[in-house]
Amino acid sequence: MGKSSQISGFYKLSTQERAKIVKEFANLTDEEVGLIRATGALKLEQADRMIENVIGVMPVPLGIAVNFLINGKDYLIPMAIEEPSVVAAASNAAKMARVKGGFTTNSTAPIMIGQIQAVHVVDPHRAKLEILSAKEEIIKKANEQDPILVSLGGGAKDIEVKVIDTITGQMVITELLVDCRDAMGANAVNTMAEAVTPLIEKITLGKVYLRIISNLATKRLARAKAIFAKEALGGEEVVDGIIEAYAFAAADPYRCATHNKGIMNGITAVVLATGNDTRAIEAGAHAYAARSGQYIPLTVWEKNNDGDLVGTIELPMAVGLVGGATASHPIAKIAIKILGVKTATELGEVIAAVGLAQNLAALKELATIGIQKGHMALHARNIAIMAGATGELIDKVAEALAKEGKVRLDRAKQFVEQFIKQEASK
Ligand code: MEV
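Residues numbered from 1 in each chain as written. Predicted model: local features only at pLDDT ≥ 70, side-chain atom pairs only at ≥ 80, totals over all residues. Heavy atoms only, no water.

(A) Quick look at the overall build of the protein chain. Looking only at helices and strands, one finds 19 helices and ten strands in the protein chain. The principal-axis extent of the C-alpha atoms belonging to the protein chain is close to 90 × 70 × 40 Å. The proportion of buried residues among the 426 residues of the protein chain is 45%. Contacts spanning at least 24 positions in sequence make up 70% of the contacts within the protein chain whose residues lie at least 6 apart. Carbon and sulfur atoms form 56% of the exposed surface of the protein chain, whose accessible area is close to 21500 Å². (Helix = DSSP H or I, 4+ residues; strand = E, 2+ residues; numbered from the N terminus. Buried < 20%, exposed > 50% of the residue type's maximum accessible area, 1.4 Å probe, protein only. Contact = heavy atoms within 4.5 Å. Areas by Shrake-Rupley, 256 points an atom, 1.4 Å probe, with all protein chains shown as cover.)

(B) How the structure looks around the packing of aromatic side chains. Summed over the entire model, instances satisfying the criterion amount to four aromatic pairs. Look at F103 and F228: their rings are 6.5 Å apart centre to centre, the planes differ by 75 degrees, and that puts the pair in the edge-to-face class. Of this pair, F103 sits in strand β3 (residues 103-107) while F228 sits in strand β8 (residues 221-228), placing them 125 residues apart in sequence. Assessed through its relative accessible area of 0%, F228 is described here as buried. (Phe/Tyr/Trp six-rings, centres within 6.5 Å; stacked < 30°, edge-to-face > 60°.)

(C) View of the side chain of N359. By the element assignment, N359 lies in helix α16 (residues 344-367). Look at N359 and you get buried, because its relative accessible area is 1%. Side chain to side chain, N359 and T299 meet in a polar contact 2.7 Å long. Ignoring sequence-local partners within four residues, the contact set of N359 consists of H259, I263, T299 and W301. (Polar contact = N/O pair within 3.5 Å; in protein donor to acceptor, adjacent residues only side chain to side chain.)

(D) Here's a closer look at the packing of helix α1 (residues 15-26) against helix α2 (residues 30-37). Between α1 and α2, the shortest axis-to-axis distance is 11 Å and the interhelical angle comes to 140 degrees. In terms of orientation, α1 lies oblique with respect to α2. In the packing of α1 onto α2, the handedness of the crossing is right-handed. Between α1 and α2, the contacting residues are T15, Q16, A19 and K23 on the first element and D30, V33 and R37 on the second. (Axes fitted to C-alpha atoms, helices over the stretch in contact; angles between N-to-C directions. Parallel < 35°, antiparallel > 145°, perpendicular 65-115°, else oblique. Left-handed = near helix turned anticlockwise from the far one by under 90°.)

(E) Layout of helix α15 (residues 330-339). Residues P330, A332, A335, I336 and L339 constitute the buried set of α15. On its buried side, α15 packs onto α3 (44-50), β2 (73-80), α12 (253-273), α14 (324-328) and α16. Downstream of α15 by a residue or two, G340 has a phi angle that is positive, lying close to 70 degrees.

(F) Molecular detail of the domain arrangement of the protein chain. For the protein chain, the assigned domains are domain 1 (1-59), domain 2 (65-106 + 221-368), domain 3 (111-213) and domain 4 (373-424). Relative placement of domain 2 and domain 4: their C-alpha centres are 32 Å apart. On the side of domain 4, five residues touch domain 2, which itself brings four residues to the contact. Roughly 330 Å² of surface becomes buried between domain 2 and domain 4 when both sides are summed, with 61% attributable to carbon and sulfur atoms. Applying the counting rule to domain 2 against domain 4 returns zero salt bridges. Summed over the shared surface of domain 2 and domain 4, the number is zero residue pairs in polar contact (both at pLDDT 80 or more). Grouping the constituent residues of the side of domain 2 that touches domain 4 by class yields one nonpolar, one polar and two charged. (Domains from an automatic or database assignment. Buried area = accessible area lost by both parts, 1.4 Å probe. Salt bridge = Lys/Arg side-chain N within 4 Å of Asp/Glu carboxyl O. Nonpolar A, V, L, I, M, F, W, Y, C, P; charged D, E, K, R; others polar.)

(G) Summary view of the pattern of salt bridges. All told, the structure shown has 24 salt bridges when counted by the stated rule. Salt-bridge contacts for R126 lead to E130; the nearest nitrogen and oxygen are separated by 3.1 Å. Taken together, the positions of R126 and E130, both in helix α5 (residues 124-133) and four residues apart, correspond to about one turn of that helix. For R126, a relative accessible area of 24% corresponds to the partly exposed category. Across the pair D158 and K135 runs a salt bridge whose closest N-O atoms are separated by 3.1 Å. With D158 in strand β5 (residues 155-166) and K135 in helix α6 (residues 135-144), this residue pair connects regions lying 23 residues apart in the sequence. When salt bridges that share partners are traced, they join D123, R126 and E130 into one network.

(H) Summary view of the site of the ligand. The immediate surroundings of the ligand are formed by E83, R255, T258, H259, K261, G262, N265, A362, L366 and I371. Here E83 contributes a side-chain N or O atom positioned 2.6 Å from an oxygen atom of the ligand. With respect to the ligand, the side chain of R255 contributes an N or O atom lying 2.7 Å from an oxygen atom. In the complex, the protein chains occlude 83% of the 300 Å² of accessible area that the ligand would expose alone. Put simply, the parts of the chain that give the shell around the ligand at least two residues each are α12 and α16. The leading source of residues in the shell around the ligand is α12, at six residues. (Near = heavy atom within 4 Å.)

(I) Geometry of the side chain of T15. With respect to the secondary-structure elements, T15 resides in helix α1. For T15, a relative accessible area of 10% corresponds to the buried category. Apart from residues no more than four positions distant in its own chain, T15 is found in contact with R37, L44, D48, V54 and I55.

(J) The pairing of β2, seen in detail. Taken together, the seven bridges between strand β1 (residues 62-70) and β2 define a ladder with antiparallel strand orientation. If you follow A65 over to β2, its bridge partner there is I77. Linking β1 to β2, which pair antiparallel, is a turn of two residues; within it N71 sits at a positive phi near 50 degrees. (Pairing = 2+ DSSP bridges.)

Written out as structure tokens, the structure reads:
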């Protein structure tokens, strides 16, 4: 019989006791347990306070993308990501953008939407009207929940109400519009949405079920723009190739998913490095891309009168600087310091610029030499390590693999053996 994963009281154990149970369950070696528990800057006690049932940490490389000039200010961009070439690609694109002055950005106010779902409302349009009439009272009740946010100029600002048709009947959805200032805002918004529920039930005479923030943050958008000189890209043909790549994504969801994935390579890496909620950003980005009913690219690429390439990006950007892991994770705090951003809005705009740069880099590669050449050169190092190369041998094997154009584990193992033999016979 297999071992049971039903372990009562697991949460009450220390991280060490939990690790011991997992070790026995999965036949981990002492070395493997040691690796999981080797924490670096994020101590086990801190990790244990962040989530539940902690046994260790999962380190991800933190790289720095260089060359970013955004609104005339230079930034170094911390990126936490396991995928090779992403950081190099962002840096290259940012370098090309500098020729025409770098990135310019803007954004909306940091407004998040909190949804309150009322069902079994007999006269939903009457209810909608009366909720709108009670706007001041609802906003007052919401703002009583977070006097600090209100004192900073944030808080609930407005409400919107919609009647929607669903498979279980009509529903009255009240949306609280909350200015979250430098917070991501989930806690503030959810607390407010819960607090106004009795009022909504009193007015609608229905039953309220869900009271929760929406990750489709259409009122908290970040935008970035950059012009890429045709000479910097390698000529007007490259510009045309990139526009063809964009047109492909705009017309076909299969290509578009990959196009947007490339954008999210950059965005998610900065979101993670700064301790923000990667899933919230990903959900918002993809839902925003599909908002018209057709899934479209988050970026737009055009050619201007000079034949240069103009890129723009717009997407929801619910990131914060206060609260959550951003304020408590020791590495996230350092990432924010490296970025030098002063507000969540500034952080969001920088992230949008990184997404645009990442997309440009991918499309340029795809429309010219193809993605594999550069990718494989970096990937070759990983394969070399997997094949047992250490120290100087890693680069030697990687180089041999890349030169041959066959970045495969079996070939890497042959090279490792070959080079070790050569070394021994010297
Ligand atoms: C790989 O992680 C990302 C790309 O596939 C993006 C794209 O195709 O645009 C290169």
